[in-house]
Amino acid sequence: MLDDAAAEALTRSLMLGTARRPLPPGAGLGGAVAADDPRAVLKAVALLGQRGRFARPRLAQVPAAAPILADPRARPPAAARPLFLSLLAGKSGHAADPVALAIADAMARRRLKLHPFDLPRLEAFVRAHAPKLGASAVTWAGRHAGTEETGRGFFDAEAVDETNWQQAGPAQKSAFIRSLRGAAPDRARDLVAAIYAAEPAATRVALLQGLAAGLSEADRPFLDGLSGDRAPTVREAAEALLARLPGSARSQQRLQEAIGRLKLGHTGLLKRRATLRLEFPATVKEWQRESWAVATIAAAGLDDLAGGLRLTVDAMAAAAEGDEILAVALAVRAAREERFDLLSRLARGGAAQAWIASVQASDLAEADAGFVARWSAAALHPELWPDLPAGGLARLHEAIRAPLPEPAVRAILASAAWRSLAAAAQRQEAPLAEQAFTVLAALTPAPLRRALQAELAPLPPTLTARALTAIALLDHLDAA
C-alpha cells in the first residue's frame, strides 16, 4: 500500500511527466509495479487512482479569521428573550419609560448584549440605548440609521481611560472626566482644555458637567476663558459653574440678590422667634415661584446667607419653616452642601417635596451610590406624602439611573400613600396606578422585588402586567 510520502512522489512524477521526473523505484510503489514492467506508468496511474478512492483527504488548515466586530459581552438567558419582546417590542413597547431605562442599565451593569435576531424587533429600544447595550447594538443602530457609526469607537464604561477617551461618546467622556476629578482634578481639567475647542457644543456642555464635580478656584481661569464661546449653551454652563465658585463676582451678585429678597421678622410676645419670608419679583408668576426660588436662593451658600441675615444656619432654617417655597430652596441648597441633618429637618418641617425640586434642578444627575443613599435617607419621607408622586419618582429614576436604597423602598411600601394607591387601583379608580407600579418596579432593588411582587399580585392585571413582567426580566438579568 502506498504511504503518503510515496503517493506524493508518484503524483509529482505523473504531473510533471516521467521523462522529466522518472517513476520512483518499484519499492517506492509498495511492490505493486515491477521496475522493468513496460506498463509501469499505466499501472502507477491506476494504483494512484485506486488509492484516491479509499484514502481520506487531510483536512485543510483554515486560519481563524478575526471577527469583524469584537463584542465580548454575554447574552441573557434564553428565558429572558420573550420578556424583552413583551416589554419593548411593537406598538405597546416603551423605549424611554422607567422600565426601559432600568433594563438598559441592568444590561450595562451585567455586561450583557441582545440576541442578534432581536435587534430589529427591538429597534426603538436599541436606538435609544445602544451605548448601554454593547458594541453590536451601537453598530446595528448606526448602520440602520444611515450613518457611519460603528462599534469601532465604542467602549464600555470601565474600558475608558486616558488613551482612548477622546474616541468615546459625549456621555462616556463626561463620565470619565467626572470620575477622574475625584482622583486628579487638575489633570481632568487639562485633558478637557486640550480637546475642548475641537468638540461640538453638546459635547462641550457635557464636559463642563463632568468638571462640575470637585469645582475649585483653580478652575476659574479655564471657565473665564469660555465667556466668549460661540455657543450660548456653553456660555450659560460656564457661567453657572463660575457662580458656584466662592468669591466670584457672579456668586456675590447672586448672594446679594438672594439676601435682598429675604424679609426678616419676629413673632411671639414672651418668646421672640425670627421668621423669614421670601418676596418674589412682580414678573414671576405663581407657578414659577418654586423654580425661581431654587435658582436664586439655592445658588447662594447657606453660611453666606445666614451671615448676611445675621443668623446662624440653624436659626435661618427654623425661621423659614413658615414659608414652604423658601424651605424647599434651603433644602435644595442643604443637599448640595451635603448637610443631610439640616435637609432632613427641613423636609420634616414643611419641605417634604423638596426632593422633587432637587431632581428638577439636575442635582442628582450622575450622583454616586453613596450620595444617593445619604440623600434619600434625609430627603425622602413617604410617610408625609399625601399621595404617591408617580411623575416625581419617574424623574428621580431618570436622574439616578439605579434602584433606590432598600430603606427608602421599604418606607414607600409601608406608607399611607402606597396603601391608598393600591386600594384605588383595586377599585379601578387610579388612572396613574400603572405608571406608579412600573416606576416602583424600576426603583426597587433586587432584595425587595419579591415584596413588591406580593403587593402587586392581588391588583388588577391590566395595571400590574408591565411591572410584574419587568420584575421577572430584571431578575433574569441580575442572575446572568
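Use the structure listed above.
Residues numbered from 1 in each chain as written. Predicted model: local features only at pLDDT ≥ 70, side-chain atom pairs only at ≥ 80, totals over all residues. Heavy atoms only, no water.

Colleague: Provide a residue-level description of the pattern of salt bridges, including the pertinent values.
Modeller: Tallied over the full model, the rule gives 27 salt bridges. In this structure, the salt-bridge partner of Lys 263 is Glu 279, at a minimum N-O distance of 4.0 Å. Of this pair, Lys 263 sits in strand β1 (residues 262-267) while Glu 279 sits in the loop between β2 (273-278) and α13 (289-296), and the two are 16 residues apart along the sequence. In this structure Glu 279 comes out as partly exposed when scored by relative accessible area, which is 27%. A single network of salt bridges, built from pairs that share partners, joins Arg 109, Arg 449, Arg 450, Asp 475 and Asp 478. (Salt bridge = Lys/Arg side-chain N within 4 Å of Asp/Glu carboxyl O. Helix = DSSP H or I, 4+ residues; strand = E, 2+ residues; numbered from the N terminus. Buried < 20%, exposed > 50% of the residue type's maximum accessible area, 1.4 Å probe, protein only.)

Colleague: Quick rundown of the environment of Phe 54? Include the residues and the values.
Modeller: Relative to the helices and strands, Phe 54 is located in helix α2 (residues 40-54). In this structure the C-alpha to C-alpha distance between Phe 54 and Asp 36, which are 18 residues apart in sequence, comes to 27 Å.

Colleague: Can you explain the side chain of His 129? Please cite residues and give values.
Modeller: Following the sequence through the fold, His 129 ends up in helix α5 (residues 123-133). On the accessibility criterion, His 129 (8% relative accessible area) is buried. The contact partners of His 129, leaving out residues within four places of it in the chain, are Ala 95, Ala 100, Leu 101, Ala 104 and Arg 401. (Contact = heavy atoms within 4.5 Å.)

Colleague: Help me get a handle on the packing of helix α22 (residues 416-426) against helix α23 (residues 433-443), residues and values and all.
Modeller: α23 packs onto α22 with a crossing angle of 130 degrees between their chain directions and a minimal axis gap of 10 Å. Between α22 and α23, the crossing angle belongs to the class labelled oblique. When you trace α22 past α23, the crossing you get is left-handed. From α22, Trp 418, Leu 421 and Ala 425 reach across to α23, where they touch Ala 433, Ala 436, Phe 437 and Leu 440. Residues that form the contact of α22 with α23 fall into these classes: 7 nonpolar, no polar and no charged. (Axes fitted to C-alpha atoms, helices over the stretch in contact; angles between N-to-C directions. Parallel < 35°, antiparallel > 145°, perpendicular 65-115°, else oblique. Left-handed = near helix turned anticlockwise from the far one by under 90°. Nonpolar A, V, L, I, M, F, W, Y, C, P; charged D, E, K, R; others polar.)

Colleague: Please give an account of helix α1 (residues 4-16) that cites residues and values.
Modeller: Here α1 spans 18 Å end to end across 13 residues, near enough to the 18 Å set by a 1.5 Å rise per residue. Positive backbone phi, at 100 degrees, marks Gly 17, one or two positions downstream of α1. (Expected span 1.5 Å × (residues − 1).)

Colleague: Tell me about the environment of Ala 347, and please be specific about residues and values.
Modeller: With respect to the helices, strands and loops of the structure, Ala 347 is situated in helix α17 (residues 340-348). According to the relative accessible area criterion, Ala 347 is buried, its value standing at 1%. Those residues in contact with Ala 347 that lie beyond four places of it in its chain are Ala 352, Ala 378, Ala 379, His 381 and Leu 384.

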